[in-house]
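What follows is the residue order along each chain.
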There are 2 protein chains.
Amino acid sequence: MYAIGDLSRRTGVKVPTIRYYESVGLLPDAGRTAGNQRRYDQTGLSRLAFIKHARQLGFSIEAIGALIDLNDHPDRSCAEATSIAKAQLQDVRTKLAALTRLERELHRIADVCDGLHTAQTCDVLAALSDHSACGSDH
Amino acid sequence: MYAIGDLSRRTGVKVPTIRYYESVGLLPDAGRTAGNQRRYDQTGLSRLAFIKHARQLGFSIEAIGALIDLNDHPDRSCAEATSIAKAQLQDVRTKLAALTRLERELHRIADVCDGLHTAQTCDVLAALSDHSACGSDH
DNA sequence: TGTAATTCCTCTAGCCACTAGAGGTTCAAG
DNA sequence: CTTGAACCTCTAGTGGCTAGAGGAATTACA
């Protein structure tokens, strides 16, 4: 049996975050000692590892809840799991494209100015004031 | 003179957001009519455009505050503006790298499963349970 | 067995950058 | 002069935690 701190050390998830996951229903209510402290077994550990991995991949708490639900009902079709993962992938690709445009734009803005003159003539500030100079939408 | 709704239409920034920017000090307190409604001139319009552009580029409210402060003191060096922009660029590049790794990982996970079998044998769920299979850190 | 250090508990509040809604007032067009 | 749109302030909610207060339980060591 693991105390919440053990679970935290083993997964790298902070103690308050574990309690938060319980409070929003991602982790089932943990068993308690006579003194009301949470105790976890291997199941709790692997579920938290699952959650952590999914969070690192950017899945929302809600999406993770749906994935866990599927995991807990192994007879159901996994079409939903696949569609959640594909939606997440699409989301990541959209963000990636936006960030790439942003990178170009910021590069253009940040590199025009050597920082050696006064704000009156600063090209960074000028570029930020003048959206029309941007090379692409954002 | 523009009412807050005019400003909103011209910049694409929502009315409550404009009030929010005022409340956090990004926009100066607007002049008011006798009936207490905000009225803006060209200065307010261009400042809001500046803020909107900077937000689209991912600058934090705090960073934008510093940029505006510089803009309002044209005699000061623009080194700070350049350094804020460069920090933002660095931040975007870090996120870009992380998202790229994520995209690879999600692509691997989402594409292994055709969605046609049961959750018991679903490779998406298996991949999410097994971080060790990941090709890279995240 | 005692005690001190550590970990645990609950609860509330805060973070960012908004967004939503209630309940009421003012403005502008006809 | 009326109507309806737009405005006002205020509070509370979003997501995903994080921080801190104040107190109880557990563990390690003497």
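Preceding this section is the structure that the text describes.
Residues numbered from 1 in each chain as written. Chains lettered and ligands numbered in written order. Predicted model: local features only at pLDDT ≥ 70, side-chain atom pairs only at ≥ 80, totals over all residues.

Peer 1: Would you mind going over the overall build of chain A with me for this structure?
Peer 2: A count of helices and strands for chain A gives six helices and three strands. The secondary structure elements of chain A, listed N-terminal to C-terminal, are β-α-α-β-β-α-α-α-α. Computed over the C-alpha atoms, the radius of gyration of chain A is 23 Å, more than 25% above the 14 Å expected from 2.2 N^0.38 for a compact globule of 138 residues. Dimensions of chain A along its principal axes, counting C-alpha atoms only, are 70 × 40 × 20 Å. In chain A, buried positions account for 30% of the 138 residues. (Helix = DSSP H or I, 4+ residues; strand = E, 2+ residues; numbered from the N terminus. Rg over C-alpha atoms; globule rule 2.2 N^0.38 Å. Buried ≥ 20, exposed ≤ 12 C-beta atoms within 10 Å, placed from the backbone.)

Peer 1: Hey, could you run me through the protein's contact with DNA strand D in this one?
Peer 2: The environment of DNA strand D is made up of 21 residues, and the closest members are Gly-35 and Ile-61 of chain A together with Ala-3, Gly-5 and Arg-38 of chain B. Listed by contribution, the elements that provide at least two residues to the surface near DNA strand D are helix H2 (15-23) and helix H4 (61-71) of chain A together with helix H1 (4-11) and helix H2 (15-23) of chain B. The biggest single contributor to the surface near DNA strand D is H2 of chain A, with three residues. Grouping the amino acids of the surface near DNA strand D by side-chain chemistry returns seven nonpolar, nine polar and five charged. (Near = placed C-beta within 6 Å. Nonpolar A, V, L, I, M, F, W, Y, C, P; charged D, E, K, R; others polar.)

Peer 1: What should I look at first to understand the interface of chain A and chain B in this one?
Peer 2: Bring the parts together and some accessible area is lost; that lost area is often taken as the interface size. If you look at the interface, chain A gives 51 residues, while chain B gives 51 residues. Elements that contribute at least two residues to the side of chain A that touches chain B include exactly helix H3 (42-56), H4, helix H5 (79-111) and helix H6 (123-129) of chain A. Here the element with the most residues in the side of chain A that touches chain B is H5 of chain A; it accounts for 21 residues. (Contact = placed C-beta atoms within 7 Å.)

Peer 1: Before we go on, may I ask you to explain the relation of the copies chain A and chain B in this structure?
Peer 2: Applying a rotation about an axis and a shift along it to one chain copy brings it onto the other copy. The two copies are related by a screw motion: chain A maps onto chain B through a turn of 180 degrees and a shift of 0.0 Å along the axis, at an RMSD of 0.0 Å. The superposition operator between the copies reduces to a two-fold rotation axis. Closest approach to the rotation axis within chain A is made by the C-alpha atom of Leu-96 of chain A, at a distance of 3.3 Å. With an isologous cut-off of 70% or more, the 100% of interface residues of chain A that recur at the interface of chain B puts this contact in the isologous class. (Least-squares fit on C-alpha atoms with pLDDT ≥ 70 in both.)

Peer 1: What am I meant to see in the sheet that holds strand S1 (residues 2-3) of chain A here?
Peer 2: Note: strands within a sheet are paired through backbone hydrogen bonds, in either parallel or antiparallel orientation. Residue and element names in this part refer to chain A. Reading across the sheet, the three strands line up as S1-S3-S2 and stay open at both edges, with antiparallel pairing between neighbours. Strand pairing shows two members of the sheet lacking a second neighbour, S1 and strand S2 (31-32), which therefore form its edges. Pairing between S1 and strand S3 (residues 38-40): two bridges, direction antiparallel. What sits directly across from Ala-3, in S3, is Arg-39. (Pairing = 2+ DSSP bridges.)

Peer 1: Mind showing me how you'd approach the environment of Ala-81 of chain B here?
Peer 2: Take Ala-81 of chain B: it is sitting in helix H5 (residues 79-111). Residues Ala-81 of chain B and Ala-66 of chain B lie 15 residues apart in sequence; the distance between their C-alpha atoms is 7.9 Å. Those residues in contact with Ala-81 of chain B that sit more than four places away from it in its chain are Ala-119, Cys-122, Val-124 and Leu-125 of chain A together with Leu-67 and Leu-70 of chain B.

Peer 1: Whenever I open this one, the sheet that holds strand S3 (residues 38-40) of chain B confuses me. Can you help?
Peer 2: All names here are of chain B. Sheet architecture is open: three strands sit in the order S1-S3-S2, paired in antiparallel fashion. This sheet does not close on itself; its edge strands, each paired only once, are strand S1 (2-3) and strand S2 (31-32). Bridging between S2 and S3 involves two bridges; their strand directions are antiparallel. Within the sheet, the bridge partner assigned to Arg-32 lies in S3 and is Arg-38.

So, to be careful, I would describe these as geometric facts and stop short of saying anything about function.
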